[in-house]
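Working through the structure, step by step
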Amino acid sequence: GAAMCPDGKAILAMPSTAKHGEVSRIVPYFDAGTTVTTTRTDVHYIVTEYGVAHLRGRNLAQRARALIAVAHPSVREELEKAACERFGYSFLRLK
């Protein structure tokens, strides 16, 4: 609903990991059959204990870079590799 309001800002706040730190909440892709209830255009900000990812108005590669920055440090390299596979190695120059 916040994304639909004229000046609304949709903010999703969550810890970067689940299951006592064993599973990252920020992942490079969803497994087939995963239920998704919020579209990517409906979320403007993702907040974790590592910062805020501003997503609104950004392309997919920019969104990936912002999400990697707020992911748990132990999974950032894995997420960067997945982003490079999807967007090409020029993705690394977006920093």
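Shown above is the structure to which this text applies.
All values reported here derive from a predicted model rather than from experimental measurement. (Residues numbered from 1 in each chain as written. Predicted model: local features only at pLDDT ≥ 70, side-chain atom pairs only at ≥ 80, totals over all residues. Heavy atoms only, no water.)

Here the structure, examined in full by the defined rule, presents two salt bridges. Of the charged contacts in the structure, one is a salt bridge between R65 and E80, with a shortest N-O distance of 2.9 Å. Here the residue R65 occupies a position in helix α1 (residues 60–69), and E80 occupies one in helix α2 (residues 76–87), the gap between them amounting to 15 residues. Assessed through its relative accessible area of 14%, R65 is described here as buried. The partner of K81 in a salt bridge is E77, with the nearest N and O atoms 3.5 Å apart. Placement of the pair is K81 and E77 together in helix α2, with a separation of four residues, close to one helical turn. (Salt bridge = Lys/Arg side-chain N within 4 Å of Asp/Glu carboxyl O. Helix = DSSP H or I, 4+ residues; strand = E, 2+ residues; numbered from the N terminus. Buried < 20%, exposed > 50% of the residue type's maximum accessible area, 1.4 Å probe, protein only.)

The next point concerns the layout of surface pockets. To find leftover empty space, one rolls a probe the size of a water molecule over the atoms. Considered as a void within the structure, the largest pocket measures approximately 960 Å³ in volume. What lines the largest pocket is a set of 28 residues, among which V27, F30, R40, R63 and L67 lie closest to the centre. Only α1 and α2 provide two or more residues apiece to the lining of the largest pocket. Residues that form the lining of the largest pocket fall into these classes: 19 nonpolar, five polar and four charged. (1 Å grid on protein atoms, 1.4 Å probe; cavity = no way out; pocket = protein on both sides within 12 Å on 5 of 7 lines; lining within 4 Å. Points joined across faces, edges and corners; volume = space filled by probe spheres on them. Nonpolar A, V, L, I, M, F, W, Y, C, P; charged D, E, K, R; others polar.)

Strand order across the open sheet formed by three strands is β1-β4-β5, with mixed pairing between neighbours. In the strand order of this sheet, the two ends are held by β1 (11–13) and β5 (51–54), each with one partner. In this sheet, neighbouring strand axes are inclined to one another by 15° on average, regardless of whether the strands run parallel or antiparallel. Bridging between β1 and strand β4 (residues 45–48) involves three bridges; their strand directions are parallel. The residue of β4 that forms the bridge with L12 is I46. (Pairing = 2+ DSSP bridges. Axes fitted to C-alpha atoms, helices over the stretch in contact; angles between N-to-C directions.)

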